[in-house]
Amino acid sequence: MADKFSRIGFILAVAGSAVGLGNAWKFPTMVGNNGGSAFIALYLLLTFAIAFIAFLAELAIGRLGETDLVGCFYKLAPKHKRAWSLAGFFSISAILIASFYMVVIGWLVYYIFLSFTGLPATPEASGASFERIISADATSALICFSFVFVIVFFTVSKGIKSGIERLNVFMMPSLFILLCVLFAYSLSMGGGFLKAAEFLFVPDFSKITPHLVLEALGLAFFSLSMGTGTIPTYAASLDERTNLVRSTLSIIFINILIGIMMGLIVFTFIFDAGFDSTQGGPGLIFVSLALLFAKLGVVGQVLAVCFFTALLFAGVTSAVSMIEPFAFYLINKFNITRKSALLIIGVVVYVLGIFCVFSFYKPTSESFSLFGKPIFDILDALTSTLLMPLGALSFSIFVGYVLKKDTLWGLFSGFMSRVGFNVWYFALRYIVPLGIVAIMLYKFKS
Ligand code: PFF
């Protein structure tokens with residue numbers, strides 16, 4: 001395959017997939033509300049004990065199969081090839097995620113526009129402007145969603161090297177620079193910054209409950225884009241000499257670093273303005289921060305543009321990684337061009353995205369609901385509670401129980417000691433599946 005990532009391109013692309021909207025509000029809000037550094041310690045423990053192990057298994061599928069996800073299962077399964085290749089269709093869940101995820105990125109575009117034209121200056125106006133883009137101004141929501149759609153599909157249409165790698169090589173460092181600017185500004189805010197650091201880092205072990213352990217594990221999987229085929233698909237375009245273990249550690253490090261930077265920035269602003277820290281979700285970003293930026297005058301405008309652009313970059317690099325896996329499958333399976341594959345996927349994502357916008361838009365919300373819930377929420381729940389964990393479970397069972405241990409040792413021997421490999425293999429077979437089943441049962445119950 002000629003279209004391969006460079007080593008740094010691969011790390012940036014996978015980190016680009018991992019660092020996304022989840023880092024902007026899920027990670028900081030969960031850390032802040034659930035025991036500060038005690039939660040970070042728990043998150044790190046689960047990331048290394050479970051997510052890291054499963055992540056290496058996903059890389060193994062792509063590196064050994066060297067093709068699209070369905071093809072990898074077909075090629076690598078010693079028997080029941082057809083049945084196993086069905087696991088490759090978990091890449092469809094990434095398409096479903098893309099359709100609602102890109103609607104949210106569209107809201108960021110709307111806020112970048114507002115940063116230039118005037119952000120809402122009172123709490124009521126700020127709440128109202130978020131309400132407007134979600135439920136009252138479908139035209140703007142559709143335009144912003146379409147804009148994101150074009151950027152994402154244009155990038156994927158250029159392929160791995162001149163599309164996806166190039167986008168990430170530009171956007172990831174830019175995201176980091178923008179965050180450094182915002183971080184420097186938060187440091188200068190003194191009191192707010194100290195409060196944010198205390199909120200995020202002072203450990204409170206009493207808040208760690210079994211329920212939180214599962215929440216943290218779910219977050220680790222979502223944040224590392226697992227169970228959707230993104231990791232194996234990117235790994236299939238990786239050159240053989242890349243150190244899989246070291247790359248994974250770099251990706252995890254970048255993901256956590258950016259989560260913590262976002263957390264410090266967001267909460268410094270929030271505390272400085274005297275807002276409620278327990279309010280999580282998009283409201284934290286779109287309502288509270290937008291209001292604060294408006295109060296800071298021209299400096300606030302600059303900060304707002306930096307902040308929403310940084311989030312836009314984080315979101316776009318993740319969205320791109322959701323489209324590539326299934327596109328790669330269509331191209332290989334039906335021998336069609338990249339453009340035709342993207343046309344097929346594009347129609348599905350665009351239609352579902354429009355459904356998502358209309359499911360929040362007041363006049364049409366009822367018609368675009370299923371079981372009394374907006375289609376947006378249904379897609380979110382279906383993917384995060386069912387499809388992603390099931391995908392991750394099938395991938396780890398396949399590597400742990402179906403692939404030969406010797407084949408895996410052949411792949412990893414250059415990057416780990418024999419003892420390290422045995423520990424990884426044991427954890428993959430016994431700890432990872434248990435962890436994933438526990439998250440699923442828990443999510444179903446709640
Ligand atoms: N990891 C991304 C985030 O934290 O926002 C979300 C994500 C990306 C999920 C790619 C799934 C995926 F395939």
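Predicted, not measured: the structure shown is a model, and the values here were computed from it.

Caption draft 1: How the structure looks around the packing of helix α6 (residues 91-117) against helix α8 (residues 138-157). Remark: α6 packs on α8, axes separated minimally by 8 Å, with the N-to-C direction vectors making an angle of 110 degrees. In this view, α6 runs roughly perpendicular relative to α8, as classed from their interaxial angle. Like other packed secondary-structure pairs, α6 and α8 cross with a definite hand, here right-handed. On α8, the residues touching Ser99, Met102, Val103, Ile105, Gly106, Val109 and Tyr110 of α6 are Ser140, Cys144, Phe145, Phe147, Val148, Phe149, Val152 and Phe153.

Caption draft 2: Layout of the environment of Met388. Relative to the helices and strands, Met388 resides in helix α17 (residues 375-402). When neighbours within four sequence positions are excluded, Met388 is seen to be in contact with Ile97, Phe221, Phe222, Ser225, Met226, Gly227, Thr228 and Thr383.

Caption draft 3: Inspection of the nonpolar core at higher detail. Counting 174 residues, the largest nonpolar core has Met102, Ile105, Tyr111, Phe308 and Trp424 as its most contacted members. Each residue touching Met102, except ones within four places of it in the same chain, is listed here: Phe145, Val148, Phe149, Val152, Phe153, Ala319 and Val349.

Caption draft 4: Fine view of the pattern of salt bridges. Here the structure, examined in full by the defined rule, presents 8 salt bridges. One continuous salt-bridge network, built from bridges that share partners, spans Lys4, Glu66 and Glu240.

Caption draft 5: Focus on the site of the ligand. In the neighbourhood of the ligand, 16 residues make up the surrounding shell, with Ala18, Gly22, Tyr101, Phe222 and Thr228 lying closest. One of the backbone nitrogen or oxygen atoms of Phe222 is found 3.0 Å away from a nitrogen atom of the ligand. Interatomic distance of 3.1 Å between a backbone N/O atom of Ser223 and a nitrogen atom of the ligand. In the complex, the protein chains occlude 100% of the 340 Å² of accessible area that the ligand would expose alone.

Caption draft 6: Main features of the side chain of Asp137. Tracing the sequence through the fold places Asp137 in the loop between α7 (123-136) and α8. Within the buried core, Asp137 has no salt-bridge partner, and the shortest N-O distance to an opposite charge, that of Arg132, equals 5.9 Å. Within the local environment of Asp137, its side chain forms a polar contact with the side chain of Ser140, the two groups lying 2.5 Å apart. Beyond its immediate stretch of four places on either side in the chain, Asp137 contacts Arg132 and Tyr361.

Conventions used here
Residues numbered from 1 in each chain as written. Predicted model: local features only at pLDDT ≥ 70, side-chain atom pairs only at ≥ 80, totals over all residues. Heavy atoms only, no water. Axes fitted to C-alpha atoms, helices over the stretch in contact; angles between N-to-C directions. Helix = DSSP H or I, 4+ residues; strand = E, 2+ residues; numbered from the N terminus. Parallel < 35°, antiparallel > 145°, perpendicular 65-115°, else oblique. Left-handed = near helix turned anticlockwise from the far one by under 90°. Contact = heavy atoms within 4.5 Å. Core = buried A, V, L, I, M, F, W, Y, C linked by side-chain atoms within 4.5 Å. Buried < 20%, exposed > 50% of the residue type's maximum accessible area, 1.4 Å probe, protein only. Salt bridge = Lys/Arg side-chain N within 4 Å of Asp/Glu carboxyl O. Near = heavy atom within 4 Å. Polar contact = N/O pair within 3.5 Å; in protein donor to acceptor, adjacent residues only side chain to side chain. Areas by Shrake-Rupley, 256 points an atom, 1.4 Å probe, with all protein chains shown as cover. Lys, Arg positive; Asp, Glu negative; His and termini not counted.

Everything listed is a geometric property; what it means functionally is a separate question.
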